[in-house]
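# Descriptive analysis of the structure
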Amino acid sequence: MDLGLDGKVALVAGGSRGLGRAVASTLAAEGAEIALAARDPETLSRTAEELKRSYGRDVLTVPTDVTDEQAVERLVDQTRARFGRIDVLIANSGGPKASSFETTAVADWEQG
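Residues numbered from 1 in each chain as written. Predicted model: local features only at pLDDT ≥ 70, side-chain atom pairs only at ≥ 80, totals over all residues. Heavy atoms only, no water.

In terms of helices and strands, the chain carries four helices and four strands. The linear arrangement of helices and strands in the chain, starting from the amino end, is β-α-β-α-β-α-β-α. Its C-alpha radius of gyration of 14 Å places the chain within 12% of the 13 Å reference for a compact globule of 112 residues. If one aligns the C-alpha atoms of the chain with their principal axes, the spans along those axes are about 40 × 30 × 25 Å. Expressed as a percentage of its 112 residues, the buried residues of the chain come to 36%. (Helix = DSSP H or I, 4+ residues; strand = E, 2+ residues; numbered from the N terminus. Rg over C-alpha atoms; globule rule 2.2 N^0.38 Å. Buried < 20%, exposed > 50% of the residue type's maximum accessible area, 1.4 Å probe, protein only.)

Here you go:
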């Protein structure tokens, strides 16, 4: 499938595992360069190496806690410095904790 992403730049938060990793992998397979953000630098690095090896894409890793506004600003700045722009943003995080929509407190959403 050609999604028209060849040469585009995708920033994927929460991209080292789970849904974020699957999205980053799909974007790389479609030809996008990837900026990966996650809290755990080791998992982030392993995921980036797998994406590079599997798809031959340029992958920037930036350890980032998306609940920290300054850290997110650094992420965006580093992505723009490396690639010149951001075409696709996947604003993914690992939370909130598992519960139904009706029982999830606002604080749980914010804590992410």
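It is worth spelling out the packing of helix 1 (residues 18–29) against helix 2 (residues 41–55) at this point. Orientation of helix 1 relative to helix 2, taken along the N-to-C sense of each, is 25°, at an axis distance of 10 Å. Taken together, the axis directions place helix 1 and helix 2 in an arrangement best described as roughly parallel. Note on packing geometry: the crossing formed by helix 1 with helix 2 is right-handed. Residues Arg21, Ala24, Ser25, Ala28 and Ala29 of helix 1 lie in contact with helix 2, whose contacting residues are Thr47, Glu50, Leu51 and Tyr55. Residue composition of the contact of helix 1 with helix 2, grouped by class: five nonpolar, two polar and two charged. (Axes fitted to C-alpha atoms, helices over the stretch in contact; angles between N-to-C directions. Parallel < 35°, antiparallel > 145°, perpendicular 65-115°, else oblique. Left-handed = near helix turned anticlockwise from the far one by under 90°. Contact = heavy atoms within 4.5 Å. Nonpolar A, V, L, I, M, F, W, Y, C, P; charged D, E, K, R; others polar.)

Most of strand 2 (residues 33–38) is tucked away, with six of its six residues classed as buried. A two-sided burial pattern is seen for strand 2, the buried positions comprising Glu33, Ala35 and Ala37 on one face and Ile34, Leu36 and Ala38 on the other. Of the strand pairs in this sheet, strand 1 (residues 9–13) and strand 2 are connected by five bridges, and their pairing is parallel. Across the sheet, residue Leu11 finds its bridge partner in strand 2, namely Ala35. (Pairing = 2+ DSSP bridges.)

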